[in-house]
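A closer look at the structure
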Amino acid sequence: MQKIRLNILGLSVSQTQSGAYALVLAEENGERRIPIIIGPVEAQAIAIQLEGLKPPRPLTHDLIKNMALAFNIALLEVTIYKLEEGIFYSELLCEMDGKEIKIDSRTSDAVALALRFRCPIYSSEDILKKAGIVLEIDDENSPVRSYADEDEQEESESSTYAQYSLNELNEMLNEAVKNEDYEKASVIRDELKKRKK
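About the cut-offs
Residues numbered from 1 in each chain as written. Predicted model: local features only at pLDDT ≥ 70, side-chain atom pairs only at ≥ 80, totals over all residues. Heavy atoms only, no water. Phe/Tyr/Trp six-rings, centres within 6.5 Å; stacked < 30°, edge-to-face > 60°. Lys NZ or Arg CZ within 6 Å of the ring centre and 35° of its normal. Salt bridge = Lys/Arg side-chain N within 4 Å of Asp/Glu carboxyl O. Helix = DSSP H or I, 4+ residues; strand = E, 2+ residues; numbered from the N terminus. Buried < 20%, exposed > 50% of the residue type's maximum accessible area, 1.4 Å probe, protein only. Polar contact = N/O pair within 3.5 Å; in protein donor to acceptor, adjacent residues only side chain to side chain. Contact = heavy atoms within 4.5 Å. pLDDT = per-residue confidence, 0-100.

Here we look at the packing of aromatic side chains
Within this structure, the stated rule accounts for zero aromatic pairs. Here Lys3 stacks its cationic end above the ring of Tyr122, 5.2 Å away from the centre of that ring. Over the aromatic face of Tyr89 sits the side chain of Lys82, whose NZ or CZ is 4.4 Å from the ring centroid.

Re the pattern of salt bridges
Inspection of every chain in the model, using the stated rule, returns ten salt bridges. Among the ionic pairs, Glu28 bridges to Arg5, the shortest N-O distance being 3.9 Å. Pair noted here: Glu28 is in the loop between strand E2 (21-27) and strand E3 (32-38) and Arg5 is in strand E1 (residues 3-13), with a separation of 23 residues, a long-range link. The partly exposed category is assigned to Glu28, whose relative accessible area is 37%. Among the salt bridges present, the one from Arg116 reaches Asp62, with a minimum N-O distance of 2.7 Å. A residue pair is termed long-range when its members are at least 10 positions apart, and Arg116 in helix H3 (residues 107-117) and Asp62 in helix H2 (residues 60-70) qualify at 54 residues. Asp62 shares its class with Arg116; the two are buried. It is possible to trace a salt-bridge network through shared partners that takes in Glu27, Arg32 and Glu125.

As for the side chain of Glu27
Tracing the chain through its elements places Glu27 in strand E2. The class for Glu27 is buried, based on a relative accessible area of 11%. Polar side-chain contacts of Glu27 include one of 2.8 Å to the side chain of Arg32. Non-local contacts of Glu27, meaning those with residues more than four positions away in its chain, are made with Ile4, Arg5, Leu6, Arg32, Arg33 and Leu128.

Overview of the confidence of the model for the protein chain
When pLDDT is averaged along the protein chain, the result is 82, and 87% of the positions lie at 70 or above. Note that pLDDT drops below 50 for residues 145-158; the model gives that stretch 28 contacts with residues more than four away or on any other chain.

What about unusual backbone geometry?
Notably, Glu85 is not glycine yet its phi reads approximately 55 degrees, a positive angle. Mapped onto the fold, Glu85 is located in the loop between strand E4 (73-84) and strand E5 (87-96). According to the relative accessible area criterion, Glu85 is exposed, its value standing at 78%. Of note, the phi angle at Arg118 is positive, near 55 degrees, even though the residue is not glycine. Mapped onto the elements of the fold, Arg118 is located in the loop between H3 and strand E7 (121-124).

The structure is reproduced here in C-alpha cells:
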C-alpha cells in the first residue's frame, strides 16, 4: 500500500448527524479531503490538543500516552487502512524494545493519539479515491475551523470577551480549564491571542 500523508484540517459540527462532529483530514500534497464523522468525546479530545489546552487532570488519551511512555512504547504512525460501509478502520504502529506492533483502533482515537505523540497520519490512494472530496471553501462561511494555518484565521470582531481585561481573561481561562469547559477555554484563548498580536 502506497502511503499518503494526511494533515488535520479542522473540526466542525456534523451537518448529517445530530450531536456528532466531522473531522476533516487533508491530503498533504493534494486537494482531497476526507470527512470522518466522530463523537463529541473524541472531538473534544482532538480539539483540546489542537488548541494547546492543558486539562488539570489527564483525559483518556493523555492517560494512554502517559502509560505508553512509562513502558517505553512509542507510537510511530497512524494508518487509516480500510473504508467499509462508511466506517474508517485504523491501526497504530507502535514500537517497543525494537519490535514493531500494530494495534487496531477507531480512527477518532487514532487521530487523538497521533496528535499527542506528534506522529504522522497516513491513508492510501484507494481510500482517498473512495472518500476523498475536493472542497471549494469560502473562508468566511466555512463551518470547518482550520488548524493548518491558525495565524491567518480571521477573528471575530464582536468577541464576547472583548470587554474583559487580560487579568480577567486569564482567570476565566484557568477557571474554564479547571471546570473542563474546553470550548469556552478555546474562545478565551483566542481572545488572548488576538490581543497579543
